[in-house]
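What follows is the residue order along each chain.
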Amino acid sequence: MYVQLKTGHDTDQGPSWIGWIRFSKTWKTAYFRGRTLRRGPGMSDANFQDVDTGEEFWVSGPKRDRTDGRYGRTEPEIDADAREAYEAFLLGSPLPGRERG
């Protein structure tokens, strides 16, 4: 997944990552790098909020053309344990768990 920190940064200028995220069964809670992120109402530029810090994040699937930021281009940090799957995805392989669409 693509994750970008929105709090404290201009549009699409916050740090971003490509990494594994675990979601709750309802997809309302995401777990990423030791953080618990929840979907919340009223966020204009984000779709998840850290339950401990209140920081807002944009979480989405990665894009093959690397235009992951909503309005601008930033180079995401790629987690080491996700690098192989991400590079295969960029070359045309389906994302793990999405082999059938």
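It should be emphasised that the depicted structure is a prediction, and the values quoted were computed from it without experimental measurement.

Calculation rules
- Throughout, a residue's number is its position along its own chain's written sequence, starting from 1.
- Reporting of local features is limited, given that this is a predicted model, to residues whose pLDDT is at least 70; pairs of side-chain atoms are given and counted only at 80 or more, and all residues count toward the totals for whole chains, interfaces and linings.
- For the side-chain quantities, the full set of heavy atoms in the structure was used; hydrogens and water were omitted.
- Confidence of the predictor at the level of single residues is given by pLDDT, which spans 0 to 100.
- Only DSSP runs of H or I reaching four residues or more are called helices, and only runs of E reaching two or more are called strands; each is numbered from the N terminus.
- Exposure classes here rest on a 1.4 Å probe applied to the protein chains alone. A residue is buried below 20% of its type maximum, exposed above 50%, and partly exposed in between.
- Any pair of residues with heavy atoms lying within 4.5 Å of one another is described as a contacting pair.
- Paired rings are identified among Phe, Tyr and Trp, the last through its six-membered ring, by centres lying within 6.5 Å, and are further divided according to the angle between planes into stacked (under 30 degrees), edge-to-face (over 60) and tilted (the rest).

**Q** Please clarify how the confidence of the model for the chain should be interpreted in this entry.
**A** For any part of a model where pLDDT is low, the fine detail of the predicted coordinates should not be relied upon. On average, residues of the chain score 89 in pLDDT, and 95% of them reach the 70 mark or higher. Within the chain, strand β7 (residues 56–60) has the poorest average pLDDT of any element, 92, and strand β5 (residues 35–38) the best, 97.

**Q** How do you make sense of the environment of Glu77 when you look at a structure like this?
**A** Here Glu77 shows up in strand β8 (residues 77–78). With a relative accessible area of 44%, Glu77 lands in the partly exposed category. In the structure, Glu77 is positioned 27 residues away from Asp50 in sequence and 19 Å away in space, judged by C-alpha atoms. Other than its neighbours up to four places away in sequence, Glu77 contacts Ser16, Trp17, Ile18 and Arg33.

**Q** Teacher, can you tell me more about the packing of aromatic side chains here?
**A** Geometry of an aromatic ring pair is reported as the spacing of the ring centres plus the angle between the planes. In total, this model carries three aromatic pairs according to the counting rule given. Look at Trp17 and Phe32: their rings are 6.0 Å apart centre to centre, the planes differ by 55°, and that puts the pair in the tilted class. With Trp17 in strand β2 (residues 16–18) and Phe32 in strand β4 (residues 29–32), this residue pair connects regions lying 15 residues apart in the sequence. Overall, the relative accessible area of 13% leaves Trp17 in the buried class. Between the aromatic rings of Phe23 and Phe48, the centroid separation amounts to 6.3 Å while the plane-to-plane angle is 55°, which identifies the pairing as tilted. Residue Phe23 is located in strand β3 (residues 22–23), and its partner Phe48 is located in strand β6 (residues 48–50); the two are separated by 25 residues in the primary sequence. Under the relative-accessibility criterion, Phe48 is labelled buried at 1%. The rings of Phe23, Trp27 and Phe48 are connected pair by pair, giving a single aromatic cluster.

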